[in-house]
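Here is how the chains run, residue by residue.
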Amino acid sequence: MVNRDGEVVEPLGVTLVGDGLAVPCIDGNERPYLSFDAAASTPSLVPVADRVAQFLPWYSSIHRGAGYKSQAATATYERAREALLRFAGRAGGDTAIICRNTTEAINHLAYRLRLEPTDVVLTTVVEHHANLLPWGRVATRRYVECGRDGTFAMDDVVAGLEQRPRPRLLAITGASNVSGWLPPLEEIIAAAHERGVPVAVDAAQLAPHRPMPAGADFVSWSGHKMYAPFGAGVLVGPKAAFSEGDPFLAGGGAVDLVDLDEVVWTDPPEREEAGSPNVVGAVALAAAVEEFERLGWEAILAHERDIADRLRRAVAAVPGVTVLGPGPGVATLPVVTFTVDGVPPGLVAARLGAEHAIGVRHGCFCAHPYLIRLLGLSGEEVQRYRRDVLAGDRRFIPGAARVSACLSTTAADVQRLAGALAAVTSGDPPPVPYEQDVATGDFPPVGSMPGAGGGSAVGAGCALC
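The present account deals with the structure reproduced in this document. Here the structure is a predicted model, which means the values were calculated and not measured. (Residues numbered from 1 in each chain as written. Predicted model: local features only at pLDDT ≥ 70, side-chain atom pairs only at ≥ 80, totals over all residues. Heavy atoms only, no water.)

## As for the packing of aromatic side chains
Here is step 1: Using the criterion set out here, one finds ten aromatic pairs in the structure.
Here is step 2: Taking 5.7 Å as the distance between ring centres and 50° as the angle between the ring planes, the aromatic pair formed by Tyr111 and Phe248 counts as tilted. Placement of the pair is Tyr111 in helix α3 (residues 102-112) and Phe248 in the loop between β10 (233-238) and β11 (255-259), with a sequence separation of 137 residues.
Here is step 3: Residue Tyr111 is classed as partly exposed on the basis of its relative accessible area of 41%.
Here is step 4: Clustering of aromatic rings is evident, with ring pairs tying together Phe87, Trp221, Tyr227, Phe292 and Trp297.
Here is step 5: Directly above the aromatic system of Tyr385 lies the positively charged group of Arg384, at a separation of 5.5 Å from the ring centroid. (Phe/Tyr/Trp six-rings, centres within 6.5 Å; stacked < 30°, edge-to-face > 60°. Helix = DSSP H or I, 4+ residues; strand = E, 2+ residues; numbered from the N terminus. Buried < 20%, exposed > 50% of the residue type's maximum accessible area, 1.4 Å probe, protein only. Lys NZ or Arg CZ within 6 Å of the ring centre and 35° of its normal.)

## Quick word on the sheet that holds strand β16 (residues 361-363)
As a general point, the strands of a sheet are linked pairwise by backbone hydrogen bonds and lie either parallel or antiparallel.
Here is step 1: Read from one edge of the open sheet, four strands run β13-β14-β17-β16, paired in antiparallel fashion. At either end of the open sheet lies a strand with only one pairing partner, and these are β13 (321-323) and β16. Going across the sheet, the axis of each strand differs from the next one's by a mean of 30°, ignoring polarity.
Here is step 2: By the bridge criterion, three bridges tie β13 to strand β14 (residues 335-340) in an arrangement that is antiparallel. Within β14, the position partnered with Val321 by the bridge is Val340. (Pairing = 2+ DSSP bridges. Axes fitted to C-alpha atoms, helices over the stretch in contact; angles between N-to-C directions.)

## Here we look at the sheet that holds β10
Here is step 1: Strand order in the open sheet formed by seven strands is β4-β10-β9-β8-β7-β5-β6, and the pairing between neighbours is mixed. In this open sheet, the two strands that pair with only one neighbour each are β4 (94-99) and β6 (140-144). Across the sheet, the mean angle separating the axes of adjacent strands is 20° when strand polarity is ignored.
Here is step 2: Two elements, strand β9 (residues 218-222) and β10, share four bridges in a ladder whose sense is antiparallel.

## Describing empty space enclosed by the protein
Here is step 1: Throughout the structure, instances matching the rule amount to two cavities of 30 Å³ or more.
Here is step 2: Its boundaries defined by the atoms lining it, the largest cavity holds a volume of some 60 Å³.
Here is step 3: Lining the largest cavity we find Ile62, His63, Arg64, Gly253, Glu270, Glu273, Gly275 and Pro277.
Here is step 4: Class assignment of the residues belonging to the lining of the largest cavity gives a composition of two nonpolar, three polar and three charged.
Here is step 5: Of the volumes computed, that of the second largest cavity is approximately 50 Å³.
Here is step 6: Along its surface, the second largest cavity is lined by Ile106, Leu109, Asn131, Trp135, Ala200, Val201, Asp202, Phe218, Val219, Ser220 and Leu235.
Here is step 7: Considered class by class, the residues forming the lining of the second largest cavity number eight nonpolar, two polar and one charged. (1 Å grid on protein atoms, 1.4 Å probe; cavity = no way out; pocket = protein on both sides within 12 Å on 5 of 7 lines; lining within 4 Å. Points joined across faces, edges and corners; volume = space filled by probe spheres on them. Nonpolar A, V, L, I, M, F, W, Y, C, P; charged D, E, K, R; others polar.)

Interpretation note: all reported values are geometric properties and have no functional meaning in isolation.
Shown next as structure tokens:
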């Protein structure tokens, strides 16, 4: 590939499980499925799936078994932990707690920091709900606001850090899952540390795209966004932060001694991993880390920047499309969120899927406060939508469509997306009618296509993330 600066960008040559899978379309034909939904979840890297298959015969209960397979599985699990620490740029006094995902990791941290309701956690309106809701349960939140372009400046962060009372923690995203914007993490972390404020980074979106912020006190990310969709995530932080007090989860494996009225907790990280751990998930996430190390950040970043540029230009060039977030010249991940004049985002997503076999996301992306600001909605509009939702009607919830690329995305994939998006937004009538579901707001096609006409089989909340 040659980027617009005339530089040759070598393709990564990455293959994902399911790439090219033929899926049915509404016209009765099958087309190769094209996923532009990596910001939600990524398919598995082939080496990750292979590593899991190789490990499964050796799977066994870990840490307390004397048998050979148990010993081998324990060693593999602990090597996985070492790989995660290495990926995060950590060593020495830090530990990696293996959990389900980033959401659980942040809830875990919110509990373990032993905050008081009057303590202040500084966060931002750019955050995913996973980095907003847990802090509201245990402390008082203070927010860094953003502009209409979805960004904020260092001065805004510094003002929040210096406001009294001084924050006990700064909880911030490494990259927006909506706009792809990357806050200047290094400068933000330095400013917080200068003022004695520790930093927790939600790296769920960052991890598959950029190196980890080694200076952060705590960092968390998920395997399902990093080509290891086997149910594991990780929380990395100083071991000392987890050495005192009750763990987030209580149960077997987290203790040294239990009596009917006494418990002696063991040392971290086992202290924080009660119950039987997800050994397969840990193996998968470590395999993804090793594949990233094999590819190298230089090659990954060259591909990322090229695809991000192509994707943003291709989507913005479609008539009637408005791209949300930072304008040209601001570096972002290969994530583009947009609206289409006169076409609900749910219908855009439904038509791309049913007619073109292209998977994209629509809704509010589990970042409602941020999207409200990107869309420029008034308080009155928000209250009207709130009343509708409380009445069980989600047809008019504000939202947008989002396309997000992955390691295997090519320039040809971007061209295919652009052509399909232009067809959907051209104003020509669709080949079949689409009927909006009141409870979810989705637009299933009316016809014989699998799943057509029946509405969503899952809870409505899933349609809004």
